[in-house]
Amino acid sequence: MAKENKIIIRGANIVNSQNTKKADILIANGKIVEIKENIQKKGAVEIKAHNKHVLPGFIDIHTHLRTPGREDEEDLLSGSQAAAKGGFVKIFCMPNTQPPIDNEGVATWIIKESRRIGLVDIYPVGAITKGRKGVELSEFGSLKKSGCLSLSDDGDPVESTLLMRRALEYARMYNLLIVSHCEDRSLSQAGSMRESFVSSKYGISSVPDISESLRVARDIEIARYLNSPIHICHVSTAKSLQIIKRAKEKGVAVSCETCPHYFSLTLEDILANRFDANFKVNPPLGDKTDLEAVRRALKEGTIDCIASDHAPHSRAEKELPFEDAPFGMVGLELVFSLANTYLVKKGCLSLNEVSRRLSLNPALLYGFKNNGSIEEGKDADLVIADTDSALRVCEEELVS
């Protein structure tokens, strides 16, 4: 019989979505066996967590690992290391790879490689359309068989309303979640930042906020008509959040996520940092009204999840002029720290509410019954956090 591997996390402030309590946690062979004060277990390895918080392992439902095809930007190992360092135990990688994750072979390979690396669980998000070209639907059944739980053409919207309808219909048949990148390309075109006084003053090609909100409205209306679930990714505007809130109040099965840069940065930060391309993201950073709307929607529960939208690029790409550089910033290692700094410390959310949006809600969204909360019998996927210490972000210390 194999020797039982026992660990005691001692004196932890255990943070679940509903409450916080101080207790010890006994873990055996990867499972939470017991939660109570002063656990005594001979031969157990002890981890002292006094004055620290223990949270359920985080789940990132939206990240970019660039593999296959752009391993110069990121690979599965460096992405897994970044995720683990940031407290994530499960991550979903988007299909804008080369080639795209639009078939069983690519999806199966990613899962196999992630298991070989063995740091975090990686779930490939299959492409809604073949080649992400927005013309023909991918083989949903094959992608489901390979292990995909959701589908998206993220990085590109599904322009055809009919095709989005068909995608929602077929996805429901296979119990796959459609994750919609909401952007009206006829409005956004080659825009690099949010349409604003700043973009006008400096002559930067821009994107109006309705580029996002118009597609949010369209996709929610299709989902309502079909009575199908839909998930809206990286919500960034006050207008979009108003639409989502009204839809939820009417019983539409819509969920959504936002990202740390939308509750911590505005387009003014682009100006303050002299158009540093690291601040170029899609959708673009909004103004103070949008930032406050995102924080309010997190507090009210309109926004279900916080996702990283981790999007690494090579140094050479990000050193291009602002309008020529690609969209995206890294974030896997910093999501919790940013949430703690800009939400908890500012009185917007409690740690419990952050835990809900990083752990419980993503687990509920994808049916991970053994994750999302710290309870006896569940997986011991845990994060120990010191919420009072200061962290200086240095490029050389980032593993992504």
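Our structure is the block above this text.
Residues numbered from 1 in each chain as written. Predicted model: local features only at pLDDT ≥ 70, side-chain atom pairs only at ≥ 80, totals over all residues. Heavy atoms only, no water.

Caption draft 1: Spotlight on the packing of helix α4 (residues 161-173) against helix α7 (residues 210-226). Remark: α4 packs on α7, axes separated minimally by 10 Å, with the N-to-C direction vectors making an angle of 45 degrees. With respect to their mutual orientation, α4 and α7 come out oblique. Crossing of α4 over α7 shows right-handed handedness. Contacts between α4 and α7 pair T161, M164, R165, L168, E169 and R172 from the former with R218, D219, I222, A223, Y225 and L226 from the latter. For the contact of α4 with α7, a count of residues per class yields six nonpolar, one polar and five charged. (Axes fitted to C-alpha atoms, helices over the stretch in contact; angles between N-to-C directions. Helix = DSSP H or I, 4+ residues; strand = E, 2+ residues; numbered from the N terminus. Parallel < 35°, antiparallel > 145°, perpendicular 65-115°, else oblique. Left-handed = near helix turned anticlockwise from the far one by under 90°. Contact = heavy atoms within 4.5 Å. Nonpolar A, V, L, I, M, F, W, Y, C, P; charged D, E, K, R; others polar.)

Caption draft 2: View of unusual backbone geometry. A cis geometry characterises the amide bond from T67 onward to P68, with omega recorded as 10 degrees. For P68, the location among the structural elements is in the loop between β6 (58-63) and α1 (76-85). Note that the residue after Q98, namely P99, is joined by a cis bond; omega there is 5 degrees. Among the secondary structure elements, P99 is positioned in the loop between β7 (88-93) and α2 (104-117). Of note, the phi angle at R66 is positive, near 65 degrees, even though the residue is not glycine.

Caption draft 3: Spatial organisation of helix α11 (residues 288-300). Over its 13 residues, α11 runs 18 Å from end to end, which matches the ideal 18 Å to within 8%, given 1.5 Å per residue. Among all positions of α11, only D290, L291, A293, V294, R295, A297 and L298 are buried. Capping the start of α11, D287 holds a side-chain oxygen 3.1 Å from the backbone nitrogen of T289, two or three residues further along. The positive-phi residue at the C-terminal boundary of α11 is G301, with phi of around 95 degrees. (Expected span 1.5 Å × (residues − 1). Buried < 20%, exposed > 50% of the residue type's maximum accessible area, 1.4 Å probe, protein only. Polar contact = N/O pair within 3.5 Å; in protein donor to acceptor, adjacent residues only side chain to side chain.)

Caption draft 4: Broad picture of the pairing of β7. In terms of burial, β7 is a largely internal element, six of the six residues being buried. In this fold, β6 hands off to α1, which returns the chain to β7; that crossover is right-handed. Across four bridges, β7 lies against strand β8 (residues 121-124) in parallel orientation. Each bridged residue has a counterpart across the sheet, and for C93 the counterpart in β8 is P124. (Right-handed = clockwise from strand over helix to strand, strands pointing away. Pairing = 2+ DSSP bridges.)

Caption draft 5: Inspection of the pairing of strand β2 (residues 20-28) at higher detail. As defined by bridge partners, strand β1 (residues 6-15) adjoins β2 across eight bridges and the pair is classed as antiparallel. Bridge pairing in β2 places I7 opposite I27. Counting the residues that bridge the hairpin from β1 to β2 gives four residues. Pairing of β2 with strand β3 (residues 31-36), which is carried by five bridges, proceeds in the antiparallel orientation. Looking across to β3, one finds that I27 is bridged to I32. Taken together, β2 and the strand that follows it, β3, pair antiparallel across an intervening segment of two residues, in which N29 is found at a positive phi of about 50 degrees.

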